[in-house]
Amino acid sequence: MNSEQKKALVTETWTAFGKGDMKTAFANMSDNVSWVVPGTTPNVSGLKRGKDEILKFMSGVGQIFPEGLNSEIRKTFCDGDTVIIELTNRGKVSNGKTYENEYCFIFELEGDKIRRIREYVDTQKAKEILFS
């Protein structure tokens, strides 16, 4: 895959997550995919290993954002097998608050599948809006 194809794979995967299309999203991931969110925010931070743990995590996100979460991808970068996306997530929280936060995701590819995801976000801001 060339750089544009790798960026398209990651963008397609992220868009599928946003639409709740787990079948498409997981088709682009290796079976032993991992997703890490640094920090100490309960039910958010930590390492998720495998598609089952990621599905559990994403279903929790769906409960927090019953109307869905909208992502505005602003930039994508590719270097070798690493794709970085910068985006803004927005949505109406189940507690009635409005959520908006900036994110940076690093996707590491192995072959034509996503093998690792690292998420960087202001977890303190997320915690204050989502859980207070």
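Since this is a predicted model, take the numbers as computed values, not measurements. (Residues numbered from 1 in each chain as written. Predicted model: local features only at pLDDT ≥ 70, side-chain atom pairs only at ≥ 80, totals over all residues. Heavy atoms only, no water.)

**Q** Any chance you could explain the layout of surface pockets here in plain terms?
**A** Empty space among the atoms becomes visible once a probe the size of a water molecule is rolled across them. Roughly 650 Å³ of volume is contained in the largest pocket. Contributing to the lining of the largest pocket are 33 residues, with F57, M58, G60, V61 and G62 lying nearest its centre. Elements with a contribution of two residues or more to the lining of the largest pocket: α1 (3-19), β2 (46-49), α3 (50-64), β5 (98-110), β6 (113-121) and α4 (123-131). Counting residues per element, the lining of the largest pocket draws most heavily on α3, at 8 residues. (1 Å grid on protein atoms, 1.4 Å probe; cavity = no way out; pocket = protein on both sides within 12 Å on 5 of 7 lines; lining within 4 Å. Points joined across faces, edges and corners; volume = space filled by probe spheres on them. Helix = DSSP H or I, 4+ residues; strand = E, 2+ residues; numbered from the N terminus.)

**Q** I'm lost on the pattern of salt bridges in this one. Help?
**A** Note that side chains of opposite charge can pair when their charged atoms are close. Applying the stated criterion to the full structure yields 8 salt bridges. Linking E72 and R90 is a salt bridge whose minimum nitrogen-to-oxygen distance equals 2.9 Å. Note that E72 is positioned in strand β3 (residues 70-79) and R90 in strand β4 (residues 82-92), a separation of 18 residues in sequence. Looking at E72, the relative accessible area reads 38%, which means it is partly exposed. Notably, a salt bridge pairs R90 with E100, separated by 3.4 Å at the nearest N-O pair. (Salt bridge = Lys/Arg side-chain N within 4 Å of Asp/Glu carboxyl O. Buried < 20%, exposed > 50% of the residue type's maximum accessible area, 1.4 Å probe, protein only.)

**Q** Which parts of the structure should I look at to understand α1?
**A** Because each turn of an α-helix spans 3.6 residues, side chains separated by three or four positions in sequence point in the same direction. An ideal rise of 1.5 Å per residue puts 24 Å on 17 residues; α1 measures up with 24 Å between its terminal C-alpha atoms. Residues of α1 that are buried: K6, K7, L9, V10, T13, W14, A16 and F17. With a side-chain oxygen lying 3.0 Å from the backbone nitrogen of E4, the N-terminal cap of α1 falls on N2. Immediately downstream of α1, the backbone of G20 shows phi near 80°, a positive value. (Expected span 1.5 Å × (residues − 1). Polar contact = N/O pair within 3.5 Å; in protein donor to acceptor, adjacent residues only side chain to side chain.)

**Q** What is the right way to read the environment of V36 from this model?
**A** Tracing the sequence through the fold places V36 in strand β1 (residues 29-37). The spacing of V36 and R49 is 13 residues in sequence and 8.6 Å in space, taken between C-alpha atoms. Among all residues touching V36, those that are not within four sequence positions of it are G46, L47, I117, R118 and E119. (Contact = heavy atoms within 4.5 Å.)

**Q** For this particular structure, what's the right way to read the state of the cysteines?
**A** Disulfides are covalent bonds that connect the sulfur atoms of two cysteines. Applying the stated criterion across every chain, the model contains 0 disulfides. In this structure C78 is not part of a disulfide, and its nearest cysteine sulfur, from C104, lies 14 Å away. For C104, a relative accessible area of 24% corresponds to the partly exposed category. (Disulfide = S-S within 2.5 Å.)

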